[in-house]
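Summary of the model geometry
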Amino acid sequence: MISTKVNPYEMAVKQLEEVASFIKLKPSILEYLKHPKREFIVSIPVRMDDGTVKIFTGYRVQHNFALGPTKGGFRYHPEVTLDEVRALAMWMTWKCAVMDLPYGGAKGGVRVDPKQLSDNELERLTRRYAFELIPIIGPDKDIPAPDVNTNPKTMAWFMDTYSMAVGYTAPGVVTGKPIEIGGSKGRIEATGKGVVFILSELLNRIGMDPKDVRIAIQGFGNVGTHTALDAYRLGCKIVAISDVSGGVYDPKGLDIPTLFDWAMQNPQGHLASYPEYSKITNKELLELDDIDVLIPAALEGVINETNADNIRAKIIIEGANGPTTPEAEKILLDKGKTIVPDIVANAGGVTVSYFEWVQDLQSFFWEEEEINSKLKKIMVKAFDRVWTYSKEQNISLRMAAYAYAVSKVARAIELRGIFP
Ligand code: NAD
């Protein structure tokens, strides 16, 4: 991951402890919530194209299912760790709760560099990972989805493997599938679209015209590309974007539709080799001084103690999960910055995943217009509630979002009681 010594799980627990003290959460419930409900570690043997066999480690962590079946993506990355997956699973619990979705939180990951594998090897890896998870996944149990380096094609292999194992087609076992096999219209764009619904709401509240807003986005994958495109359509100037290789910068504003088309046609392409524009490093992008809004949309821990002091943007909207460490957040809040937390800002993905699951269970599919208008309604409602509460209580947006989410999950645990 991005070079930082941050342990994401310690970071997630610290955030939970802070909110627990604010909402005066019972110590027993705090202790309950610090521990994931279930952790699954699997060894995944994959026959490589050259006949050798490689073993990869896969994880699935289900943090809490007090509110419903667990939900959360799985990622392929060479530096995935159990602690990272644990943190991401806990954040999914809060994200589903703050959005009022009937889900608990989970996350998965395989420690692999997918760029080193052929398509056939990736398919065998995905199918074996899915098969290993069968005891704990299912439309009523735990419903995975795409995340870093996984996509609709990965979800199709996953769904097919589960369906072969149970003996019938079970589209509701995973979301983010291709539309032809039970995916939802609007799912691919949903996370970026949601980020921009939130951006637009926020600009409205602080009286800024989108045309005067300058944005830098780190990450040009699923979340970054769609965020950039929708923010551009809203009228904002996107002056910098980057991926793992570095990025491109133009103070006059980048031609996002052209860059978007390029990214769609070159899924393995790197912005550092893009033929136009000045080049910029990821470090420089985060610290640009001529931007109003910074949108980290790559990996966690990128805004930390080492660079928080150098962040110039007034507004940070967390497209990625966990991009700001608690230490960095404190520095930024002390300087009067506004940070829209991941569990609200990037919840468009899980919200449309929820729509996909509902459509799969009913075998009744909705038009994109209906999906986008329902998505907007849910995002605006959640943001409004969090914004209002943060103003009333004079607390950060993250604290307000967590206060609502953690209280809701705690209440569900209390109502259900501790088994037996
Ligand atoms: P993706 O794999 O489609 O894209 C990731 C992007 O980050 C790529 O452009 C990649 O080059 C870049 N990147 C990777 N390592 C980097 C590094 N070290 N420095 C800078 N850039 C780097 O993944 P995604 O689905 O867009 O997910 C991005 C983030 O958003 C993750 O934190 C993910 O958990 C979160 N998220 C994704 C969704 C979703 O629906 N896909 C929903 C909510 C949150």
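See the structure printed just above.
Conventions and cut-offs
- Residues numbered from 1 in each chain as written.
- Predicted model: local features only at pLDDT ≥ 70, side-chain atom pairs only at ≥ 80, totals over all residues.
- Heavy atoms only, no water.
- Near = heavy atom within 4 Å.
- Polar contact = N/O pair within 3.5 Å; in protein donor to acceptor, adjacent residues only side chain to side chain.
- Helix = DSSP H or I, 4+ residues; strand = E, 2+ residues; numbered from the N terminus.
- Nonpolar A, V, L, I, M, F, W, Y, C, P; charged D, E, K, R; others polar.
- Domains from an automatic or database assignment.
- Buried < 20%, exposed > 50% of the residue type's maximum accessible area, 1.4 Å probe, protein only.
- Phe/Tyr/Trp six-rings, centres within 6.5 Å; stacked < 30°, edge-to-face > 60°.

To continue, consider the site of the ligand. As a matter of local geometry, the ligand sits amid 24 residues, with Asp 147, Thr 191, Asn 222, Val 223 and Asn 321 nearest to it. At 2.9 Å from an oxygen atom of the ligand is found a main-chain nitrogen or oxygen belonging to Phe 220. At 2.8 Å from an oxygen atom of the ligand is found a side-chain nitrogen or oxygen belonging to Asn 321. Every element with two or more residues in the shell around the ligand is listed here: α6 (187–206) and α7 (222–234). Grouping the amino acids of the shell around the ligand by side-chain chemistry returns nine nonpolar, ten polar and five charged. Among the domains, domain 1 (36–172) and domain 2 (190–345) are the pair contributing at least three residues each to the shell around the ligand.

Once that is clear, we can look at the side chain of Arg 60. Within the fold, Arg 60 resides in strand β2 (residues 53–64). For Arg 60, a relative accessible area of 0% puts it in the buried group. For Arg 60, the side chain forms a polar contact with the main-chain oxygen of Gly 73, separated by 3.1 Å.

Further remarks concern the packing of aromatic side chains. Applying the stated criterion to the full structure yields 13 aromatic pairs. Ring geometry for Phe 74 and Phe 158: centres 5.2 Å apart, planes at 35°, overall tilted. Remark: Phe 158 occurs in helix α5 (residues 152–166) and Phe 74 occurs in strand β4 (residues 74–77); sequence separation between them is 84 residues. Look at Trp 262 and Tyr 274: their rings are 5.1 Å apart centre to centre, the planes differ by 85°, and that puts the pair in the edge-to-face class. Note that Trp 262 is positioned in helix α8 (residues 256–265) and Tyr 274 in the loop between α8 and β10 (278–280), a separation of twelve residues in sequence. Take Tyr 274: its relative accessible area is 7%, and that puts it in the buried class.

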